[in-house]
Amino acid sequence: MATLAHDTTPDVVSSRALAGLGFAVLSAASFGLSGALARGLLDTGWTPGAVSLLRIAIAAAVVAPFGAVALRGRWHLLRRNLRGLLFYGIVAVAMPQFSYFSAVAHTQVAPALLIEFTAPAAVVLFLWLRRGERPSRVTVGGALLAALGLVLVLDLVSGADLSAVGVAWAMVAMIGCATYFLLSADDTGLPPIALAGGGMLVAAVALALLGLVGLLDMRAATVDVDLAGTAVAWWVPVVLLGVVTAAVSYVAGIAAIRRLGSRLASFVALLEVVSGVLWAWFLLGELPHAAQLLGGALILAGVVGVKLGERATSVAHPAVRER
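Residues numbered from 1 in each chain as written. Predicted model: local features only at pLDDT ≥ 70, side-chain atom pairs only at ≥ 80, totals over all residues. Heavy atoms only, no water.

Caption draft 1: A look at the packing of aromatic side chains. Within this structure, the stated rule accounts for 4 aromatic pairs. Where Trp46 meets Trp234, the ring centres are 6.0 Å apart and the plane angle is 35 degrees; that geometry is what we call tilted. Placement of Trp46 in the loop between helix H1 (10-43) and helix H2 (48-71) and of Trp234 in the loop between strand S2 (230-232) and helix H10 (235-260) is noted, with a sequence separation of 188 residues between them. Under the relative-accessibility criterion, Trp46 is labelled buried at 5%. Where Phe98 meets Trp169, the ring centres are 5.3 Å apart and the plane angle is 90 degrees; that geometry is what we call edge-to-face. With Phe98 in helix H4 (residues 82-106) and Trp169 in helix H8 (residues 164-185), this pair connects stretches of sequence that are 71 residues apart. Overall, the relative accessible area of 28% leaves Trp169 in the partly exposed class. (Phe/Tyr/Trp six-rings, centres within 6.5 Å; stacked < 30°, edge-to-face > 60°. Helix = DSSP H or I, 4+ residues; strand = E, 2+ residues; numbered from the N terminus. Buried < 20%, exposed > 50% of the residue type's maximum accessible area, 1.4 Å probe, protein only.)

Caption draft 2: Expanded view of the packing of helix H6 (residues 119-131) against H8. Between H6 and H8, the least distance of the axes is 9 Å, while the angle of their chain directions is 55 degrees. For the element pair H6 / H8, the angle class is oblique. In this structure, H6 crosses over H8, and the sense of that crossing is right-handed. In contact with Ala119, Ala122, Val123, Phe126 and Leu127 of H6, H8 contributes Met174, Cys177, Ala178, Phe181 and Leu182. Residue classes in the contact of H6 with H8 are distributed as 10 nonpolar, no polar and no charged. (Axes fitted to C-alpha atoms, helices over the stretch in contact; angles between N-to-C directions. Parallel < 35°, antiparallel > 145°, perpendicular 65-115°, else oblique. Left-handed = near helix turned anticlockwise from the far one by under 90°. Contact = heavy atoms within 4.5 Å. Nonpolar A, V, L, I, M, F, W, Y, C, P; charged D, E, K, R; others polar.)

Caption draft 3: Summary view of H4. Relative to the 36 Å expected for 25 residues at 1.5 Å per residue, H4 spans 35 Å between its end C-alpha atoms, a close match to the ideal helical length. Taking the largest bend as the criterion, H4 deviates by roughly 35 degrees, centred on Met95, and proline Pro96 comes between one and four positions later. (Expected span 1.5 Å × (residues − 1). Bend = angle between axes of the 7 residues up to and from the residue.)

Caption draft 4: Structural detail: the nonpolar core. Counting residues in hydrophobic clusters, the biggest one holds 82 residues, and the most contacted among them are Val51, Tyr88, Tyr180 and Tyr250. No other element matches H4, which puts 10 residues into this core. For Tyr88, the contacting residues outside a window of four places in its chain are Val93, Tyr180, Leu183, Ser184, Leu195, Gly199, Tyr250 and Ile254. (Core = buried A, V, L, I, M, F, W, Y, C linked by side-chain atoms within 4.5 Å.)

Caption draft 5: Local environment of the pattern of salt bridges. Within the structure shown, the criterion is met by 2 salt bridges. Residue Arg39 pairs with Asp43 through a salt bridge whose shortest N-O separation is 3.5 Å. Of this pair, Arg39 and Asp43 are both found in helix H1, 4 residues apart, which corresponds to roughly one turn of the helix. Overall, Asp43 belongs to the exposed group, its relative accessible area being 55%. In this structure, Asp217 engages Arg219 in a salt bridge whose closest nitrogen and oxygen atoms are separated by 2.8 Å. Since its relative accessible area comes to 40%, Asp217 is described here as partly exposed. (Salt bridge = Lys/Arg side-chain N within 4 Å of Asp/Glu carboxyl O.)

So this is what it looks like as structure tokens:
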């Protein structure tokens, strides 16, 4: 939705952007925890379908009641957005989570993450081709810098064995991730927490139905999981996956996208990779290399470049501002 630039004062825009960045960092940090937690469950016999279903179902149970309160009786908003909510839950919530865990089951975590996080480039390309929002040279430069940083963070310079099945699942995850950024940016009138809760409910029901008809393998185990050198009960990572890496992440992520726009928010979300490396270091004992730390710095520089590019675009076209 477009609005006149003079409708919003610079101070309000600045505070809105700062709040958006804070929400984006919180979302990325909590999302990044999911890989380390899920890896422990997958190693003990859990399937990607079971991990995805429980993660989303727990998150839905936490977020949906708050989403209902946020609607304040405006149930017509749900009816008006029912089709979009169904699409959001299946394509933007269920699909990327299940696809990513499936990719990790067939190939190394690093290339799976790198493929999924080409989503920001897909967002920029979509906005250019479909809506005519041509990126500036600074935005393109920031994207390339962030991509270089990802290569270093994921330590792909030494080479990695790729599975065709794993790559295919990671590509599906990328499409779902890009859809998440694009759909979350649209102001449909639904409060962010209502959108998150409704999308999670739809995703949980969809995965459960696929499991019931036998299209998804839903195997789980009750053995202890090793985290940070300590054996913990299986339900500990399951609860953390649902509450922290899903409920908190999605609500904060949608709030960030509403304030920053889909393009910038998608690039800030690249910090999830840095977060994932740090969580893997803490929980799995995987110490980052100097090249990976350098890659994190390049990602930050790329995000700054994207922001500068968007500012240059808004100056060149002052009549319209993305919200």
